[in-house]
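Observations on chain architecture
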Amino acid sequence: MFNAISSQARNLVNLTRASSKKTKTKVVTITSGKGGVGKSTFTANISYLLAKRGYKIAVVDADIGLANMQVLFDIRPKLTLFDYIEGRNTISEVTSNTNFKNVSLVAGKSGYQYSNLKNSLVLSRVIEDLKELNIYDIVLIDTGAGLNSYVQEFLSISNNVVALTTTDPSALTDVYALMKMLSLDKEKLLLCFNHTKNYKIGEAITTSLVNLAKKNSLNQNFMVKYIGNVSTSANISTTSRLRKLFAHEFANDDITKQLQGIIDILLNDIK
Ligand SMILES: Nc1ncnc2c1ncn2[C@@H]1O[C@H](COP(=O)(O)OP(=O)(O)OP(=O)(O)O)[C@@H](O)[C@H]1O
Ligand SMILES: [Mg+2]
């Protein structure tokens, strides 16, 4: 399952690199391996906080078949990523405003059949087209669980990969597998811990993962950078259930401060 990014995806990266026009847009892919660790919640909340700082953000719901970003943003977009993929609409047409200034969403479609995606490489074109609009400062791609070919494709076209994990051993096993895979193609992985009360716990586990990578002789030029932790809060699940954004409702909460700290590092690191 956890092989290097597929050669098909790699060919595409080369192609898109060659064709890419100059753009200010930076692309950040949020992934995890293990499902349910909080990727979509994290992505929605940081999109809002980044927009509050004045950045124009586009969120792409890349959880093929299980899209839920429109629920987190409490909007009902008429058009989705798949209207674009199936050639009916342009990228601008399938990009919806949210209720938050400077946050746009390219929504997915729940229940979309994988088999409908005859050529998965079309997913990369979505991102290329968003970049070419040259409107957005940052595109945040929220991937689904696992490392299937769609997730790999989004990873391959992104200069910045954030892995969200918990301290759960199975989540960490998946993160290590992700490190192994990315170390073959990428320079860096940004690692963030969810459901983790203490900054130092995430830091210590990151050091252990890096030491394990050294012991197993993973590519020495590949860097894993710890970007911070997010504690568990019942208010996060409650706001999600009520279709509100935690960081908007609880602007002064300690968890929002944790998210702000993560954004500070992220903004310094992404390219
Ligand atoms: N720090 C947190 N504290 C409390 N609840 C959280 C926290 N982070 C996420 N959750 C809750 O965990 C659940 C799963 O979160 P989410 O859907 O964002 O995970 P995911 O990684 O996107 O899942 P999937 O892999 O299925 O896409 C949601 O109910 C969400 O509200
Ligand atoms: Mg999700």
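These numbers come from a predicted model, not from an experiment. Note on numbering: residues in each chain are counted from 1, in written sequence order. By the order in which they are written, chains take letters starting at A while ligands take numbers starting at 1. Owing to the predicted nature of the model, reporting of local features is limited to residues with pLDDT of at least 70; listing and counting of side-chain atom pairs is limited to 80 or more, with chain, interface and lining totals taken over all residues. Remark: hydrogens and water are excluded; side-chain values derive from all non-hydrogen atoms of the structure.

Focus on the sheet that holds strand β4 (residues 103-106)
Strand-to-strand pairing in sheets goes through backbone hydrogen bonds, with the strands running parallel or antiparallel. Applied cut-off: Strand pairing is assigned whenever DSSP detects at least two bridges linking the two strands. Every helix listed is a DSSP run of H or I at least four residues long, and every strand listed is a run of E at least two residues long, numbered separately from the N terminus. Axes here mean lines fitted to C-alpha atoms, for a helix over just the part in contact, with angles spanning 0 to 180 degrees between N-to-C directions.
Here eight strands make up an open sheet; going across it, the order is β3-β4-β2-β5-β1-β6-β7-β8 and the pairing mixed. Lying at the two open borders of the sheet, with one neighbouring strand each, are β3 (95-97) and β8 (223-229). Here the strands of the sheet are splayed against their neighbours by 25 degrees on average, with no regard to which way each runs. Taken together, the six bridges between strand β7 (residues 188-193) and β8 define a ladder with parallel strand orientation. Among the inter-strand pairings, Leu 191 is bridged to a residue of β8, identified as Tyr 226.

A few points about helix α8 (residues 199-215)
What counts, and what does not: Working rule for helices: expected span equals 1.5 Å times residues minus one. Only protein chains enter the accessibility calculation, which uses a 1.4 Å probe; a residue whose area is less than 20% of its type maximum is buried, one above 50% is exposed, and one in between is partly exposed. The directions considered for the arc run from the helix axis to the C-beta atoms. Distance and chemistry together define a polar contact, namely a pair of N or O atoms within 3.5 Å, with one atom able to donate a hydrogen and the other to accept it when in protein, and with adjacent residues in sequence counting only for side-chain atoms on both sides.
Its 17 residues place the ends of α8 25 Å apart at the C-alpha level, agreeing with the 24 Å of an ideal helix rising 1.5 Å per residue. Taken as a whole, α8 has its buried residues at Gly 202, Ile 205, Thr 206, Leu 209 and Ala 213. Each buried residue of α8 sits inside an arc of 105 degrees when the element is viewed along its axis, so together they form one side. Within α8, the exposed residues directed more than 90 degrees away from the buried face are Lys 200, Lys 214 and Lys 215. The N-terminus of α8 is capped by Asn 198, whose side-chain oxygen sits 2.7 Å from the backbone nitrogen of Lys 200.

As for the pairing of strand β1 (residues 26-31)
Extensive coverage of β1 is indicated by the burial of five of its six residues. As paired strands, β1 and strand β6 (residues 160-165) are joined by four bridges and run parallel to one another. Within the sheet, the bridge partner assigned to Thr 29 lies in β6 and is Val 161.

Quick look at the nonpolar core
Side chains of nonpolar character tend, in soluble globular proteins, to be buried together. Stated precisely, the cut-off is as follows: Only buried residues count toward a nonpolar core. Its members are Ala, Val, Leu, Ile, Met, Phe, Trp, Tyr and Cys residues joined through side-chain atoms within 4.5 Å. Contacts were defined at the residue level, with two residues in contact if any of their heavy atoms lie within 4.5 Å.
Grouped together as the largest cluster of nonpolar side chains are 39 residues, with contacts concentrated most on Phe 42, Phe 73, Leu 140 and Val 162. In terms of residues, this core owes the most to one element, helix α2 (residues 39-52), which gives seven residues. In this structure, Phe 73 is in contact with Ala 44, Ser 47, Val 59, Thr 98, Asn 99, Phe 100, Val 103, Leu 105 and Leu 245, ignoring residues within four places of it in sequence. Counting residues in hydrophobic clusters, the runner-up holds 24 residues, among them Ala 58, Val 60, Tyr 112 and Tyr 136.

Focus on the packing of α2 against helix α11 (residues 254-269)
As a reminder, the rule being used: Oblique is the label for every angle not falling under 35 degrees (roughly parallel), over 145 degrees (roughly antiparallel), or within 65 to 115 degrees (roughly perpendicular).
Relative orientation of the contacting elements α2 and α11 amounts to 75 degrees, with a least axis distance of 10 Å. With respect to α11, the axis of α2 lies roughly perpendicular. When α2 is examined against α11, the residues Phe 42, Asn 45, Ile 46, Leu 49 and Leu 50 are found in contact with a partner set consisting of Thr 256, Leu 259, Gln 260, Ile 262, Ile 263, Leu 266 and Leu 267.

Let's talk about the site of ligand 1
The criterion, for reference: Residue proximity to a molecule or strand is established when one non-hydrogen atom of the residue lies within 4 Å of it. To be clear on the numbers: accessible area is Shrake-Rupley with a 1.4 Å probe, and residue cover counts the displayed protein chains and nothing else. Residue polarity follows a fixed list, in which Ala, Val, Leu, Ile, Met, Phe, Trp, Tyr, Cys and Pro are nonpolar, Asp, Glu, Lys and Arg are charged, and the others, Gly among them, are polar.
Near ligand 1 you find 17 residues, and of these Gly 36, Lys 39, Ser 40, Thr 41 and Ser 231 are the closest. At 2.9 Å, a backbone N or O of Gly 38 approaches an oxygen atom of ligand 1. At 2.9 Å from a nitrogen atom of ligand 1 is found a side-chain nitrogen or oxygen belonging to Asn 194. Compared with its free state, where it exposes 640 Å², ligand 1 has 77% of that area covered by protein. Taken together, the elements giving at least two residues each to the shell around ligand 1 come down to α2 and α9 (234-241). Grouping the constituent residues of the shell around ligand 1 by class yields three nonpolar, 12 polar and two charged.

These figures come from the coordinates and say nothing about function on their own.
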